[in-house]
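Next come the chains, spelled out residue by residue.
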Amino acid sequence: MTEVRTRFAPSPTGFMHLGGVRTALYNYLFAKKMGGKFILRIEDTDQERYVEGATDVIYDTLKGCGMNWDEGPDVGGDWGPYVQSERKNLYMPYAKQLVEKGAAYYCFCTECELKERRAQAEARGEVFKYDKKCLGLSKEEVQAKLDAGLPYVIRLNCPTEGESSYDDVVFGHISFPNSDLDDMVLMKADGMPTYNFANVIDDHLMGITHVMRGMEYLSSTPKYNLLYNAFGWEIPQYIHLTTVMRDATHKLSKRDGDAYYSDFIGKGYLKEALINYLALVGWNPGTDQEFFTMDELIDAFDIHRLNNSPGIFDVNKLDWMNSQYIQKLDPDKYLAMATPWFEKVLAGKNIDYRRLAQLMQSRTDIFSRIPEKIAFLAQMPDYDTAIFFNKKQKSDVDVAREVLPKLLPVLEGIQDWTEANIHDTVMAQIPAWGKKNGAVLWPMRIAISGQESTPGGAFEIAYLLGKDETIRRIRASMEKLG
RNA sequence: GGCCCCGUGGUCAAGCGGCCUAAGACACCGCCCUUUCACGGCGGUAACCCGGGUUCGAGUCCCGGCGGGGUCACCA
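Treat the numbers as computed from the prediction; the structure is a model and nothing was measured. All residue numbers here refer to positions counted from 1 along the written sequence of the relevant chain. Chain letters start at A and ligand numbers start at 1, both assigned in the order the entries are written. Only residues with pLDDT of at least 70 are given local features in this predicted model, and only at 80 or more are side-chain atom pairs given and counted; all residues enter the totals for whole chains, interfaces and linings. With hydrogens and water excluded, all non-hydrogen atoms of the structure serve as input to the side-chain values.

K.L.:
Please set out the protein's contact with RNA strand B residue by residue, giving values where relevant.
P.N.:
Close to RNA strand B lie 65 residues, the nearest being K188, G282, N284, S362 and R363. Atoms of RNA strand B within 4 Å of the protein belong to the sugar or the phosphate in 73% of instances, the rest to bases. In protein, a polar contact means a hydrogen-donor-capable atom and an acceptor-capable atom, both N or O and within 3.5 Å, with residues adjacent in sequence counting only if both atoms are side-chain atoms; elsewhere, any N or O pair within 3.5 Å suffices. Interatomic distance of 3.2 Å between a backbone N/O atom of T249 and a phosphate oxygen of RNA strand B. One nitrogen or oxygen atom from the main chain of G282 is found 2.5 Å from a phosphate oxygen belonging to RNA strand B. Helix and strand assignments come from DSSP, with helices taken as H or I runs of at least 4 residues and strands as E runs of at least 2, each series counted from the N terminus. Of all the secondary-structure elements, those providing two or more residues to the surface near RNA strand B are α4 (111-123), β4 (153-156), β6 (172-177), α6 (195-205), β12 (311-312), α11 (315-328), α17 (437-449) and α18 (458-465). Here the surface near RNA strand B gets 5 residues from one element, more than from any other, and that element is α11. The class makeup of the residues in the surface near RNA strand B is 23 nonpolar, 23 polar and 19 charged. Being near a molecule or strand, for a residue, means having at least one of its heavy atoms within 4 Å of it. Residue polarity follows a fixed list, in which Ala, Val, Leu, Ile, Met, Phe, Trp, Tyr, Cys and Pro are nonpolar, Asp, Glu, Lys and Arg are charged, and the others, Gly among them, are polar.

K.L.:
Account for the domain arrangement of chain A, with residues named and values stated.
P.N.:
The domain boundaries assigned to chain A delineate domain 1 (5-72 + 245-312), domain 2 (87-241), domain 3 (329-378) and domain 4 (385-481). Each of domain 1 and domain 4 has a C-alpha centre, and the two are 50 Å apart. For the purposes of this description, domain bounds are those given by an automatic or database domain assignment.

K.L.:
Help me get a handle on the side chain of R117, residues and values and all.
P.N.:
Structurally, R117 can be placed in helix α4. Accessible area is worked out with a 1.4 Å probe on protein chains only. A residue is then buried under 20% of its type maximum, exposed over 50%, and partly exposed in between. Residue R117 is classed as buried on the basis of its relative accessible area, which comes to 15%. Among the polar contacts made by the side chain of R117, one reaches the side chain of D131 at a distance of 2.6 Å. When near neighbours in sequence (up to four residues on either side) are disregarded, R117 contacts C109, F128, Y130, D131 and K133. Any two residues having at least one pair of non-hydrogen atoms within 4.5 Å are treated as being in contact.

K.L.:
Any details on the pairing of β4? Residues and values, ideally.
P.N.:
Across a regular strand the side chains alternate sides, sitting on one face of the sheet and then on the other. Here β4 shows a buried face lined by V153 and R155 and a second buried face lined by I154 and L156. A pair of strands is considered paired only if DSSP assigns at least 2 bridges between the two. Summarising the sheet, strand β3 (residues 104-107) and β4 pair through 4 bridges and their orientation is antiparallel. For Y105, the partnering residue across the bridge sits in β4 and is R155. Where β4 lies against strand β7 (residues 185-187), 2 bridges are found, and the strand directions are antiparallel. Bridge pairing links I154 to M187 in β7.

K.L.:
Describe the nonpolar core, naming the residues involved and giving the relevant values.
P.N.:
Residues grouped as a nonpolar core are buried Ala, Val, Leu, Ile, Met, Phe, Trp, Tyr and Cys residues, joined through side-chain atoms within 4.5 Å. M67, F313, Y334, F342 and L377 are the most contacted members of the largest nonpolar core, which totals 108 residues. Per-element accounting of this core gives the leading share, 9 residues, to helix α1 (residues 18-33). M67 has contacts with V21, A24, L25, Y28, F38, L62, I275 and M294, leaving out every residue within four places of it along the chain. I154, C158, L218 and F231 belong to the second largest nonpolar core, which has 37 residues in total.

K.L.:
Explain the pairing of strand β5 (residues 163-168) to me, and be specific about the residues and the numbers.
P.N.:
Of the two faces of β5, only one is covered, namely that formed by S164, Y166 and D168; the face formed by E163, S165 and D167 stays uncovered. Judged from the 6 bridges that link them, β5 and β6 form a sheet pairing that is antiparallel. In the sheet register, E163 faces β6, and the bridge partner there is P177.

K.L.:
Got a sec to walk through helix α14 (residues 370-378)? Specific residues and values, please.
P.N.:
Inspection of α14 places I370, P371, I374, F376, L377 and A378 among the buried residues, and these make up the whole buried set. Buried residues along α14 sit in contact with α12 (331-346), α13 (353-361), α17, α18 and α19 (467-481).

K.L.:
Account for a positive patch on the surface, naming residues and giving values.
P.N.:
A residue counts toward a patch only above 30% relative accessible area and without a salt bridge, and it is joined to like-charged neighbours within 9 Å or, for Val, Leu, Ile, Met, Phe, Trp and Tyr, to nonpolar neighbours within 5 Å. All accessible-area figures derive from a Shrake-Rupley calculation using a 1.4 Å probe, and residue coverage is judged against the displayed protein chains alone. Here a salt bridge means any side-chain nitrogen of Lys or Arg lying within 4 Å of a carboxyl oxygen belonging to Asp or Glu. Neither His nor the chain termini are counted; the positive set is Lys and Arg, and the negative set is Asp and Glu. Every charge is mapped to an atom, namely NZ of Lys, CZ of Arg, CG of Asp or CD of Glu. Taken together, K391, K392, K394 and K436 make up a surface patch of like positive charges. Mapping K391 onto the fold places it in the loop between α14 and α15 (397-412). In this structure K391 comes out as exposed when scored by relative accessible area, which is 71%.

This is the structure we're talking about:
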């Protein structure tokens, strides 16, 4: 059995779309699972779209996620170069070979003419298909035009009758009427190959055995097969992947800021969580396991369990999964990762980040939501005294008016402001006041946080705030209550 | 519009003719834990797009409808 070789062939746009990351992932997983090779090829034939540093985005994303390629632009390999623009002189001979075989032909119709004919067809309510006008040119006519230096393209000569079919690993048997096939351009007038053509040549030359790509190529695959057949090359296994959707009718899009890998990393998602979640949109292991390391994914991956219906990217579930990953983080690692987010609102304040981190770790789903949760530590929010009311804790505004003044001297009396001391000192007083714990602690926490819910209870918050600030806030709240 | 693909709860999904009065997970709701929230534990609501077939038997196979997506470039 020959070695499995898969490839990920992105064009460098400067961004990595999540759908692309998933395509790369599946290609990687399958290659590794089969003990084969994962190849990275940069498809940059469109010079107009060139973006500075765009290939680095691809490299960094893949490497960051642990998808290391066996062959590619930077690591080399036996079938290079792996950047399409560096292979541009390689395609024309193949196109000419096809012309000689009668599988392709020169076409001298200008873009302008075609546009016109397309418009006419549209006006008649028809689907425009190249009419093979130039196929009728005699060898001499073609040569004459060539000699005259007329610009030309080379088109694939598609059959017009019968049907083409192939078997896709995820979609099964697919067939198309040949009458729908358009004679696609192989070589452009500028001498560059079209994406479709270069793709087939490169895949073959690089020995790709399994082509895994988005399902938007489902309907152009018959034409790819025509090329393989014309050359007498072996057709690879096709594995078309469904689209990752934002909702039932929309793809993940740039516009909504929910399409790029970098968007998510910037928002504070862990790449491990993102990869783990992405792997599960469109594929499942057939077991109830849903947490996977990259190695576990490789082990569990099976192309036959790829789904054939599009999946919606559920940010909700991603958030949950991310929070699970965060909880499992080593506390020191969490502290290190959370600190920049703490700094956003607490810079300059004297706060025990280590303790804050302990309190926040189980309350963090994505890092970017940390600031809003701890902003009250930096500045006392303006709050509605109605929140002193809590039925279960037997607290209300009146209870707060009664309890806060008692609490103040007790707090002021604490010399060593440790969490344990605050806890023990206050708890020791409560029985004497004839109150339930909640009736004291609820007002206390509200008084110093101004929020109904906080990360941590009254003692933790008081400790974090420090003695002076705690006292100051208790006083301010007493004043507010009148 | 032609052609192609898809159609199980709000979402991801298991299911490959009888084990389905249909798993599991997220979300949601309730209870427990608890000085709030979160975490954790327990429980609950909720689905086979519709209509015809085939079959002793259909979520599972076939056809049609409907719905959604994709594709129809000298873009990739």
